[in-house]
Amino acid sequence: MIRNLQESQQRARKIWSSMPLPTSRENENFRWTSLKGFGFEQEPVLTPSQKSPPQGLSLLAPEESSVSVISSAEQRFSAEGVDYEIPSVFAGDYLAQLAAAKCTSAVLIKTRPEENAGNQSTRTTYWMDPASSVFYYRKWIVVENHSSLKCIDEFLSEPECAVSSVAVGLIQIHVKAGANLHYSWIQNWSRQVSHFARIEIVVEQDAYARVLPLQVGGAKSQIRIEQRCLGRGAQIDLEGAAQGKDDQHFDFWIRAEHSVPDTKSQMNYRTVVTDRARAIFNGNIVIHKTALRTKAFQKNKNMILSPQAGIDTFPKLEIATDEVECAHGASSSPVLPEQKFYLESRGIDTQLAEKMIVRGFIDPVVSEIHSSSVRERVRLALGYEQEVDE
């Protein structure tokens, strides 16, 4: 049994150092996203601004005292309720082992196991120093029995960084019986920062998780989310979005696994790309033979605003039993002419009309972010006007 972060790092480093760098020829997971040239062999250094982010932001900002928060940059980080093992689904994943091996930032968020603990809420801001080239992190979120948590992870940097940088992270989320989680994961790096993240979400009996992954900034990213419903009545809903321009590259993987009866999952992911941006959606619903009466749905909607932009979408189903309700689908199109015509016929110029249509496409995800300051930052990054006070 691994007892602390240091032991986890030692084991992960041994495994990672024996793994070759994945290539598209040998590993289907990296068919669209190359890992060459990122300098993963470099050892991370925690810079002053990563220890103390700029005024107005914080590495960890708990908003309710009912949440237990532990954060550290020390290798001897140790806390109760933390599973230091790499999740089995990521055991053979090069990037998950890398994040565990070289972690410089560890955070634990843990609620109280009470039905009436109040509106428990946290926000963690990960700040990439403009002079840094690598940053590795791990995080654990534990939502105890019959408690509720609203949680935001926000990834920020200066608008321009002096060097090209890469961040690699591993996040483990456990929503226990009867608990409720609302989780926003927001990538808003500068265009010099690439990001590779692995996220495991485990939901127990009668528990619910709503997950909002949003990709706005960054150069190249690959995000892989593994969702598992492990108890009757478990439900996971994912509502995600990405908006890319210039040469941005977003590679998003989501897998929902059902292994017990009477569980539900839903994934809706929408993407907008323009200029030469590229996006990949790879979604999979896996229903085991024992997962009777599962209800699982998957939808990927895409908007392509430039002939040089591209989207590849791969929705999949793996179903081993008949007694289920499942559906999946994907669509990609430019802004529809009738939508533009409707707005232009009311005196709105073409450029503004397209901007309004794109905002209407993405904003349902942004509007669910429970922090108004974070919501405003995201809307400004998307090119929207400053948010009106609500």
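Cut-offs and rules
- Residues numbered from 1 in each chain as written.
- Predicted model: local features only at pLDDT ≥ 70, side-chain atom pairs only at ≥ 80, totals over all residues.
- Heavy atoms only, no water.
- Helix = DSSP H or I, 4+ residues; strand = E, 2+ residues; numbered from the N terminus.
- Buried < 20%, exposed > 50% of the residue type's maximum accessible area, 1.4 Å probe, protein only.
- Contact = heavy atoms within 4.5 Å.
- Core = buried A, V, L, I, M, F, W, Y, C linked by side-chain atoms within 4.5 Å.
- Phe/Tyr/Trp six-rings, centres within 6.5 Å; stacked < 30°, edge-to-face > 60°.
- Lys NZ or Arg CZ within 6 Å of the ring centre and 35° of its normal.
- Salt bridge = Lys/Arg side-chain N within 4 Å of Asp/Glu carboxyl O.

> Any chance you could explain the environment of K139 here in plain terms?
Here K139 shows up in strand β5 (residues 134–143). The buried category is assigned to K139, whose relative accessible area is 0%. Separated by 31 residues in the primary sequence, K139 and L170 have C-alpha atoms spaced 6.5 Å apart. Here K139 is in contact with V107, I109, T124, Y126, C151, I152, D153, L170, I171 and Q172, once residues within four sequence places are set aside.

> Where do I start with the nonpolar core in this structure?
Soluble, globular proteins show a tendency: their nonpolar side chains are buried together. I173, V175, L181, Y183, W185 and I201 are the most contacted members of the largest nonpolar core, which totals 47 residues. Other than its neighbours up to four places away in sequence, W185 contacts Y137, D153, F155, I171, H195, A197, I199, L212, P213, L214, Q215 and I223.

> Would you take a moment to explain the packing of aromatic side chains for this structure?
Working definition: an aromatic ring pair is given by the centre-to-centre distance plus the angle between the planes. What the rule picks out here adds up to 18 aromatic pairs. Measuring from centroid to centroid gives 5.8 Å for F38 and F40, while their planes differ by 25 degrees, and the two rings are stacked. The residue whose ring lies beneath R270 is F361, and the NZ or CZ to ring-centre distance is 5.9 Å.

> Looking at this structure, I do not really get the environment of S333. What am I missing?
Mapped onto the elements, S333 comes out in strand β18 (residues 324–333). Among the residues examined, S333 registers a relative accessible area of 28% and is labelled partly exposed. Through-space distance from the C-alpha of S333 to that of V272 is 9.8 Å; in sequence the pair is 61 residues apart. Non-local contacts of S333, meaning those with residues more than four positions away in its chain, are made with N302, M303 and I304.

> What exactly am I supposed to notice about the pattern of salt bridges here?
Oppositely charged side chains can form a pair if their charged atoms are brought close together. Applying the stated rule across the entire model yields 25 salt bridges. Put simply, E226 and R255 hold a salt bridge, and the shortest N to O gap is 3.1 Å. One end of the pair, E226, is in strand β11 (residues 220–229); the other, R255, is in strand β13 (residues 249–258), and 29 residues separate them in sequence. E226 sits in the buried class, given a relative accessible area of 5%. On the basis of relative accessible area, R255 is assigned to the partly exposed category, the value being 23%.

> It is not clear to me how the environment of P87 should be interpreted in this structure. Could you clarify?
Looking at the element boundaries, P87 is found in the loop between β2 (68–72) and α3 (94–101). Classification of P87 by relative accessible area gives buried; the value is 6%. For the pair P87 and L170, spaced 83 residues apart in sequence, the C-alpha separation works out to 9.6 Å. Excluding its chain neighbours within four sequence positions, the residues that come into contact with P87 are L170, Q172 and E200.

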